[in-house]
Amino acid sequence: MSQDHESLENLLSEDRHFPPTAQFAAAANAQPDEYARADKDPLAFWDEQAKSLQWDSPWSKTLDWQSPYAKWFIGGKLNASVNALDRHVSQGRGSRVAFHFEGEPGDVRTITYAELLTEVKKAANALIELGIKAGDRVAIYMPMIPEAAVAMLACARIGAPHSVVFGGFSAEALLSRIQDADAKLVITADGGFRKGAAFALKPAVDEALKGQHNVEKVLVVQRTKQETAWTNRDIWWHEIVARQSSEHVAESFDSEHPLFILYTSGTTAKPKGIFHTTGGYLTQVAYTHKMVFDIKPETDVYWCTADVGWITGHSYIVYGPLINGATQVMYEGTPDTPHKGRIFELIAKYGVTILYTAPTLIRTWMKWGDEFPQAHDLTSLRLLGSVGEPINPEAWMWYREVIGGNRCPIVDTWWQTETGAIMISPLPGVTATKPGSAMNAVPGISAKVVDDNAVAVGNGRGGYLILDQPWPSMLRGIWGEDERYKETYWSRFDGIYFAGDGAKLDDEGAIWLLGRVDDVMNVSGHRISTTEVESALVSHESVAEAAVVGAADAMTGQAIVAFVILRGGIEHANGDELNKALRDHVAKQIGAIAKPRQILIVNELPKTRSGKIMRRLLKDVAEDRAVGDATTLADPNVMKLISEGLQSAKSED
Ligand code: WT7
């Protein structure tokens, strides 16, 4: 193998293990035999899991696999909304709380399964009145309020695939998604509450609909009661939904009926419409939600802090938890409004037992300081989850100690919009976890780390993460772009799904995610993962957050440039000394090869709205170029702040 194709370096070492307590293990939903049962016959295993859903007609065959196209539970018929709601109500669980909703201004709504079902039936009847039929696409552009879930479930109930567009996206982004899916209806709200103020959503819909489209009606939830411009295609949700019958008999849809489209960004500007179908998707989200989060629906209070605009909100707020009859917290606002302890205050208020959040928020909490979590009683927590990007061992340990009181297993869950459900994660009552590792594929799933020739690497080696067997909740394609589907996921290794992530196996075969392979740096012929260097930096006591890029370097091909946010209270007047300390620290943690050429102290990092660092923009700064397209940044000013900060730092030198 040439230098270029050398597998990822395996540099960072981590030897801490955290087995579950005997008590947790004994009571866990997932027991060790789960793996053996699945390995023996994966199809029979998934068949068994699918049986826990309510089907109106049975399937005749488990899987039809014509690579890269899968069909699961062929011929079976079911309704997603019936599985999430009717089933609980008809089996006597109607008075259980589905959502404890907390608005950012502090308004509270408690919604039982029976109430949620009634709302969904009425909303389904309203959609029918508006002419929506099975197969029609509906765009949903909403703040984080219960009506967002009601809208999704009402669409599912009548077989109209929903396309949720995150409420933080612009009018332009909304229009391109409306066009791509050819949506017939938009469901939105006047606005929502965020950072202590009302923001408007409806004007973005009006702006978007100045473009080309086939949208006939816009259904508007009244959330903020702000002044809202009106056209004759607009209808207030409360007017049309309130007068509907609360009877609606759901129709059964084919297992492969499209349930939703969700757009995700790719390497080109045009987002990919990832589409998912019904039976397989629901089977895997319900199974993983039950096993990975160990959900005990009678006693747990589960809180996933994601927005419904992301896949995490689809799979682990709406479909998985509701199918399992869970009681959830739903929060509209930001974690620092009105104060930095808001999330902790709500954990204490509702007695949250299971918390599922993202490393970016965990690192933000670390930066704010321990006094905020410590001011609240977090002893109700019994399980913690993480998703969205690799979690640094340091952040993992902080999450365990400060949030989990050294008591709660942590499940670091790897998956993607495309995979639909969790693929790699510890099982909390079985796995001895390691800080920073997502550990192993969940039962019934096959994930491997391979080299350039698709050959599995051995323990201690790195490579590309692939999924070499079809799975129930896999994407069924990119909406309207068949060639792109094959090209993006199935062409790197012929007929094998390539996730785009690098990973390594440690000496015991546990999987460590190393970030997107596009983020891999090549320093003097050594492939070094941005994640490993970032983890090393964050493990230094003065660092809260770090982003690393490979910048063109005449000597080494690429050189490592690190952007670092210091922890609260750390002065950086002693910049030079600290720079040296950090560079030495990385050298000690990983090796001299990974020593950053340059360390730049900044106050913010450029992130997308889902919290992913936009390294491309940092690379522009590191290579002294004008900063490129920054339209998907959560905070459009951040690059200006970074450049200004660096300019003034230079002039001080
Ligand atoms: C990409 C998928 C799945 C919901 C949220 C993101 C990264 C996700 C982990 C994790 C390391 C992770 C990967 C993946 N990622 N979870 N636990 N450890 N990396 O969904 O926007 O489709 O992004 O997020 O790079 O490919 P998404």
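1. A word on the pattern of salt bridges
- With the rule as written, the count across this model stands at 35 salt bridges.
- Residue Glu-147 is joined to Arg-109 by a salt bridge in which the shortest nitrogen-to-oxygen separation is 3.1 Å. Pair noted here: Glu-147 is in helix α6 (residues 146–158) and Arg-109 is in strand β5 (residues 108–112), with a separation of 38 residues, a long-range link.
- Residue classification places Glu-147 among the buried positions, given a relative accessible area of 11%.
- Glu-534 is the partner of Arg-615 in a salt bridge, and the nearest nitrogen-oxygen pair spans 3.0 Å. Taken as a pair, Arg-615 in helix α19 (residues 615–622) and Glu-534 in helix α17 (residues 530–538) lie far apart in primary sequence, 81 residues in all.

2. Quick word on the pairing of strand β18 (residues 354–357)
- Side-chain alternation along β18 places Ile-354 and Tyr-356 on one buried face and Leu-355 and Thr-357 on a second face that is also buried.
- Relative to β18, strand β16 (residues 301–304) runs parallel, the two being bridged by three bridges. Bridging across to β18, Trp-303 finds its partner in Leu-355.
- Relative to strand β19 (residues 383–386), β18 runs parallel, the two sharing four bridges. Each residue of the ladder has a partner; that of Thr-357, found in β19, is Ser-386.

3. Brief notes about the nonpolar core
- Core analysis: the biggest nonpolar cluster contains 118 residues, and Ile-187, Phe-293 and Tyr-319 have the highest contact counts within it.
- Take this core: its biggest share by element is 10 residues, from α6.
- Those residues in contact with Phe-293 that lie beyond four places of it in its chain are Thr-288, Tyr-302, Tyr-316, Ile-354, Tyr-356, Arg-382, Leu-383, Val-411 and Ile-422.

4. Here we look at the packing of helix α10 (residues 279–292) against helix α11 (residues 311–323)
- Direction vectors running N to C along α10 and α11 enclose 85°, while the axes themselves pass 8 Å from each other. By the criterion of interaxial angle, the relationship of α10 to α11 is roughly perpendicular. Here α10 contributes Tyr-281, Leu-282, Val-285, Ala-286, Thr-288 and His-289 to the contact with α11, which in turn contributes His-314, Ser-315, Tyr-316, Tyr-319, Gly-320, Pro-321 and Ile-323.
- For the contact of α10 with α11, the class distribution of residues is eight nonpolar, five polar and no charged.

5. Notes on the domain arrangement of the protein chain
- Splitting the protein chain by domain gives domain 1 (22–137 + 147–181 + 245–445) and domain 2 (520–652).
- A C-alpha centroid distance of 33 Å is found between domain 1 and domain 2.
- Carbon and sulfur atoms supply 54% of the area that domain 1 and domain 2 bury against each other, a total of about 1,400 Å² over both sides.
- Of all residues in domain 1, Arg-363, Lys-367 and Glu-394 give up the largest surface area on contact with domain 2, accounting jointly for 36% of the area buried on that side.
- In this structure, the connection of domain 1 to domain 2 is made through one salt bridge.
- One salt bridge connects Arg-363 with Glu-545, and the closest N-O pair in it is separated by 3.7 Å.
- Elements that contribute at least two residues to the side of domain 1 that touches domain 2 include exactly α13 (359–368) and α15 (393–403).
- In terms of residue count, α13 provides more of the side of domain 1 that touches domain 2 than any other element does, four residues in total.
- When the residues that make up the side of domain 1 that touches domain 2 are grouped by side-chain class, the tally is six nonpolar, four polar and four charged.

6. Focus: the pairing of strand β14 (residues 258–264)
- Within β14, six of the seven residues are buried, which leaves it mostly tucked inside the rest of the structure.
- As paired strands, strand β7 (residues 162–164) and β14 are joined by two bridges and run parallel to one another. If you follow Ser-163 over to β14, its bridge partner there is Ile-261.
- Pairing between β14 and strand β15 (residues 272–277): six bridges, direction antiparallel. Bridging from a neighbouring strand, Tyr-263 pairs with Gly-273 of β15.

7. Section: the site of the ligand
- Around the ligand sit 16 residues, and of these Asp-412, Thr-413, Gln-416, Thr-417 and Asp-501 come closest.
- Separating a nitrogen atom of the ligand from a backbone N or O atom of Glu-389 is a distance of 3.4 Å.
- The side chain of Asp-412 places a nitrogen or oxygen atom 2.7 Å from a nitrogen atom of the ligand.
- Here the ligand has 560 Å² of accessible area as a free molecule, and 90% of this is covered by the chains.
- Each residue belonging to the shell around the ligand can be placed in one class, and the counts come to six nonpolar, five polar and five charged.

8. Side note on the environment of Leu-383
- Looking at the element boundaries, Leu-383 is found in strand β19.
- Taking the relative accessible area as the measure of exposure, Leu-383 reaches 0% and is therefore buried.
- In the structure, Leu-383 is positioned 29 residues away from Ile-354 in sequence and 4.9 Å away in space, judged by C-alpha atoms.
- Residue contacts for Leu-383: discarding those within four places in its chain leaves Phe-24, Val-292, Phe-293, Asp-294, Thr-353, Ile-354, Leu-355, Cys-408, Pro-409, Val-411 and Pro-428.

9. Comments concerning the packing of aromatic side chains
- Summed over the entire model, instances satisfying the criterion amount to 32 aromatic pairs.
- Ring geometry for Trp-471 versus Tyr-497: centroids 5.2 Å apart, planes at 80°, classification edge-to-face. With a gap of 26 residues between them, Trp-471 in the loop between β22 (462–467) and β23 (477–478) and Tyr-497 in strand β24 (residues 497–505) connect regions that are remote in the sequence. As far as burial versus exposure is concerned, Trp-471 and Tyr-497 are alike and both buried.
- Grouping aromatic residues by their ring pairs yields a cluster made of Trp-65, Tyr-69, Trp-471, Tyr-485, Tyr-489, Trp-490 and Tyr-497.
- Directly above the ring of Phe-169 sits Arg-177, whose terminal nitrogen or CZ lies 4.7 Å from the centroid.
- A cation over an aromatic ring shows up here: Arg-492 above the ring of Tyr-464, its NZ or CZ 4.7 Å from the ring centre.

10. Here we look at the side chain of Glu-545
- Of note, Glu-545 is situated in strand β28 (residues 543–553).
- On the basis of relative accessibility, which here comes to 1%, the residue Glu-545 falls in the buried class.
- At 2.7 Å, the side chain of Glu-545 and the side chain of Lys-607 are in polar contact.
- Filtering out sequence-adjacent residues up to four positions away, Glu-545 remains in contact with Arg-363, Lys-367, Val-538, Phe-563, Val-564, Ile-565, Leu-605 and Lys-607.

Procedures and definitions
Residues numbered from 1 in each chain as written. Predicted model: local features only at pLDDT ≥ 70, side-chain atom pairs only at ≥ 80, totals over all residues. Heavy atoms only, no water. Salt bridge = Lys/Arg side-chain N within 4 Å of Asp/Glu carboxyl O. Helix = DSSP H or I, 4+ residues; strand = E, 2+ residues; numbered from the N terminus. Buried < 20%, exposed > 50% of the residue type's maximum accessible area, 1.4 Å probe, protein only. Pairing = 2+ DSSP bridges. Core = buried A, V, L, I, M, F, W, Y, C linked by side-chain atoms within 4.5 Å. Contact = heavy atoms within 4.5 Å. Axes fitted to C-alpha atoms, helices over the stretch in contact; angles between N-to-C directions. Parallel < 35°, antiparallel > 145°, perpendicular 65-115°, else oblique. Nonpolar A, V, L, I, M, F, W, Y, C, P; charged D, E, K, R; others polar. Domains from an automatic or database assignment. Buried area = accessible area lost by both parts, 1.4 Å probe. Near = heavy atom within 4 Å. Polar contact = N/O pair within 3.5 Å; in protein donor to acceptor, adjacent residues only side chain to side chain. Areas by Shrake-Rupley, 256 points an atom, 1.4 Å probe, with all protein chains shown as cover. Phe/Tyr/Trp six-rings, centres within 6.5 Å; stacked < 30°, edge-to-face > 60°. Lys NZ or Arg CZ within 6 Å of the ring centre and 35° of its normal.

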